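Coordinate analysis (summary)
Residue-level listing of the chains:
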Amino acid sequence: MARRPIIAGNWKMNNNKAEAKELVDGIVYGISSLDASKMPEVVIAPTYTALWQAYDLIKNEPKIALAAQNVNPNPSGAYTGEISLDMLADFRVQFVIIGHSERRQMFGETDEFINQKAKAILAKGLIPIICCGETLEQREQGVTDSHLENQITKALDGISASDVEKSVIAYEPIWAIGTGKSCDAVEANRTIGQIRKVVAKLYSQDVADKIRILYGGSVKPSTIVEQMAQPEIDGGLIGGAALKADSFIDLIKGAM
Ligand code: 13P
């Protein structure tokens, strides 16, 4: 069964109002001439402050879906600075990125908190993009696969097979993020194959065959074609190269 590829742009903490408008306008324009039947699922994850504007600019463009970069798993209440799933649903947000290494490392997010978020996102009918990835030190120590198994097992704890098969995992080796040094496509394919085996072990081969697993880490228009040619890689979660419309459109074309 073919898995539909995803090209997702994670804007991180970039783009003020004018920049966000320019980028979304450019993507909408670039995408308008592409054949929807051949396109990957295209997802953009603006900052919270740009979500309303992005929602408004793409509301007549079904080829683009919105993601949030984070969410708080609690329904509402005294959580200063946080955003709930209910608020995201107002903007027809369909995906939420969770477990990004930047949030794990800089904001102390734990596997347990990421698991709580995954459950809350799925309960609300949205799709989590669950990030995992090893440090350079872990890779050099040869513990990449066991580290990823641990992250994925904890992120999926208590989640049903039917929810897992519609979820998305993004394998983002930390040493490849923002460094310009993408993981070798064959090695990324191997590692993602290992992650799929973990899902098969926890659930079933059928669930593992359905879940989409993306690669992220210095994906560029010059790397995407080779990456997409790998059987295990179902698309990209892209930072820097998703910040310019031309380059984001080239990434989409590279996945067609
Ligand atoms: P870069 O594409 O800038 O390396 O970022 C990858 C990433 O962290 C996407 O979530």
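Up top is the structure these notes are about.
The structure reproduced in this document is the subject of the present report.

Around the ligand, the structure places 13 residues, and the nearest of them are Lys12, His100, Gly178, Ser218 and Gly240. Glu172 is positioned such that a nitrogen or oxygen atom in its side chain is 3.0 Å from an oxygen atom of the ligand. At 2.8 Å, a backbone N or O of Gly240 approaches an oxygen atom of the ligand. The cavity that encloses the ligand is the second largest pocket. Its residues placed into classes, the shell around the ligand shows four nonpolar, seven polar and two charged.

We now examine the pattern of salt bridges. Counted according to the given criterion, the structure contains 20 salt bridges. Among the salt bridges present, the one from Glu41 reaches Arg212, with a minimum N-O distance of 2.8 Å. A residue pair is termed long-range when its members are at least 10 positions apart, and Glu41 in strand E2 (residues 41-45) and Arg212 in strand E7 (residues 212-216) qualify at 171 residues. The exposure classification of Glu41 matches that of Arg212, with both residues buried. With a closest N to O distance of 3.0 Å, Arg190 and Asp145 form a salt bridge. With Arg190 in helix H9 (residues 185-202) and Asp145 in helix H7 (residues 144-155), the pair connects residues that are 45 residues apart, well separated along the chain. Three or more residues are tied together by salt bridges with common partners; here these are Glu134, Arg139, Asp145, Glu187 and Arg190.

Moving on, we get to the sheet that holds strand E1 (residues 6-10). Taken in spatial order, the eight strands of this closed barrel run E1-E2-E3-E4-E5-E6-E7-E8, and their pairing is parallel. The sheet shows a mean angle of 25 degrees between the axes of neighbouring strands, taken without regard to direction. Running at roughly 165 degrees to strand E3 (residues 64-68), helix H2 (residues 48-58) makes contact with E2, E3 and strand E4 (93-98) of the sheet.

In this structure, the largest pocket spans a volume of roughly 480 Å³. The leading source of residues in the lining of the largest pocket is helix H4 (residues 101-106), at three residues. The residue inventory of the lining of the largest pocket, partitioned by class, reads six nonpolar, six polar and four charged. Gly178, Gly217, Ser218, Gly239 and Gly240 are the residues nearest the centre of the second largest pocket, which is lined by 18 residues in total. Across the lining of the second largest pocket, the residue classes break down as five nonpolar, 10 polar and three charged.

Another point: the pairing of E1. Of all the five residues making up E1, five are buried; the element is thus mostly covered by neighbouring parts of the structure. With five bridges connecting them, E1 and E2 associate as parallel partners. What sits directly across from Ile6, in E2, is Glu41. Read as a crossover between parallel neighbours, the route from E1 over helix H1 (residues 17-32) to E2 is right-handed. Two elements, E1 and strand E8 (residues 235-238), share four bridges in a ladder whose sense is parallel. Looking across to E8, one finds that Gly9 is bridged to Ile238.

What counts and how
- Residues numbered from 1 in each chain as written.
- Predicted model: local features only at pLDDT ≥ 70, side-chain atom pairs only at ≥ 80, totals over all residues.
- Heavy atoms only, no water.
- Near = heavy atom within 4 Å.
- Polar contact = N/O pair within 3.5 Å; in protein donor to acceptor, adjacent residues only side chain to side chain.
- 1 Å grid on protein atoms, 1.4 Å probe; cavity = no way out; pocket = protein on both sides within 12 Å on 5 of 7 lines; lining within 4 Å.
- Sits in = over half its atoms within 2 Å of the grid points.
- Nonpolar A, V, L, I, M, F, W, Y, C, P; charged D, E, K, R; others polar.
- Salt bridge = Lys/Arg side-chain N within 4 Å of Asp/Glu carboxyl O.
- Helix = DSSP H or I, 4+ residues; strand = E, 2+ residues; numbered from the N terminus.
- Buried < 20%, exposed > 50% of the residue type's maximum accessible area, 1.4 Å probe, protein only.
- Pairing = 2+ DSSP bridges.
- Axes fitted to C-alpha atoms, helices over the stretch in contact; angles between N-to-C directions.
- Contact = heavy atoms within 4.5 Å.
- Points joined across faces, edges and corners; volume = space filled by probe spheres on them.
- Right-handed = clockwise from strand over helix to strand, strands pointing away.

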